[in-house]
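Summary of structural features
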Amino acid sequence: MKKNEVTDTQVNNDLKILELQSEIAELKRQNSQLQDIENRFKAIADTAPVLVWMSDTDKLCTYFNKGWLNFTGRTMEQEYGNGWAEGVPQAAFARCLHFYISSFDKRESFSMEYRLKRNDGQYRWILDNGVPRYTLEGEFLGYIGSCIDINDQKTLNQELEDRNIMLARKNKELKAFNYIAT
């Protein structure tokens, strides 16, 4: 064999190397795209005016946005799994967990209200909405949820309800007085 001659084996090896390099380049491109998508998701979630969480198929939470972490004053590591439950009053936690697990097992969206401890130690009413997540192929991935602080609305509703009860009582007293006066 002459120095400049190339064997079939060398050609095949060179082709395999080129194919591998092409596959590696494609994987790097796909990985870069996935990283871009994840970065965009985090940017959107972290700037959204809601508390965002995600869970996996094991029902445990795997993500909390900056809004959630700022609200609770806790770290991502403290909130992982069921760590977030430390901010829910003990008496309400069993109800919340039952509601979540029941919805999760049925793969149904849910909406529930409960109190969550804010970073200043005050418990605030929140509205938690969760929806199942799926791949494009229909594989179940877990849940994503958003929570909003509804404490002020609940307080106002309670005040209005108390006023309505008081007005109904006053109306009853006025009717009784009117009956006596006539």
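Check the entry above for the structure.
In short, a report on the structure. Within each chain, residue numbers correspond to sequence positions counted from 1 in written order. Where local features are concerned, this predicted model is filtered to residues with pLDDT of at least 70; where side-chain atom pairs are given and counted, the filter is 80 or more; whole-chain, interface and lining totals use all residues. In computing side-chain values, all of the structure's heavy atoms are included and hydrogens and water are not.

Regarding unusual backbone geometry
Convention followed: Strands are runs of DSSP state E lasting at least 2 residues, helices are runs of H or I lasting at least 4, and numbering of each runs from the N terminus. The classification of residues rests on relative accessible area computed with a 1.4 Å probe and restricted to protein chains. Under 20% of the type maximum is buried, over 50% is exposed, and intermediate values are partly exposed.
Its identity is not glycine, yet Lys59 carries a phi of approximately 75°, on the positive side. Assignment of secondary structure puts Lys59 in the loop between β1 (51–55) and β2 (61–64). Exposure remark for Lys59: the relative accessible area of 25% places this residue in the partly exposed category.

Focus: the environment of Pro89
The following threshold applies: Note on contacts: a residue pair qualifies if any of its non-hydrogen atoms lie within 4.5 Å across the two residues.
Relative to the helices and strands, Pro89 is located in the loop between α3 (76–79) and α4 (90–106). Taking the C-alpha atoms as reference, Pro89 lies 25 Å from Thr57; in sequence the two are 32 residues apart. Other than its neighbours up to four places away in sequence, Pro89 contacts Arg115 and Tyr123.

Some words on the packing of aromatic side chains
For clarity, the cut-off: For this analysis, a ring pair means two rings from Phe, Tyr or Trp (six-membered ring only for Trp) whose centres lie within 6.5 Å, classed as stacked if their planes differ by under 30 degrees, edge-to-face if by over 60, and tilted for the remaining angles. We call a charge positioned above a ring when the Lys NZ or Arg CZ atom is no farther than 6 Å from the ring centre and deviates by at most 35 degrees from the ring normal.
Taken as a whole and assessed by the stated rule, the structure comprises 15 aromatic pairs. Between Trp84 and Tyr114 the ring centres are 6.4 Å apart and the planes differ by 50°, which places this aromatic pair in the tilted class. Placement of Trp84 in the loop between α3 and α4 and of Tyr114 in strand β3 (residues 110–117) is noted, with a sequence separation of 30 residues between them. Judged by its relative accessible area of 11%, Trp84 is buried. Through a chain of ring-to-ring contacts, three or more aromatic side chains come together here, namely Trp53, Phe99, Tyr100, Phe104, Phe110, Tyr134, Phe140 and Tyr143. Lying across the ring of Phe140, Arg107 places its NZ or CZ 3.6 Å from the centre. Above the ring of Trp125, the side-chain terminus of Lys154 is found at 4.6 Å from the ring centroid.

Quick look at the environment of Gln78
For Gln78, the location among the structural elements is in helix α3. The contacts of Gln78, once residues within four sequence positions are left out, are Gly83 and Trp84.

Thoughts on the pairing of strand β5 (residues 140–149)
The following threshold applies: DSSP bridges decide pairing: two strands pair if at least two such bridges lie between them.
As judged from the five bridges shared by β1 and β5, these two strands associate in the antiparallel manner. Paired with Met54 across the bridge in β5 is Ile144. Pairing of strand β4 (residues 123–134) with β5 involves nine bridges; the strand directions are antiparallel. Looking across to β5, one finds that Asp128 is bridged to Cys147. Counting the residues that bridge the hairpin from β4 to β5 gives five residues, and of these Gly138 lies at a positive phi of roughly 95°.

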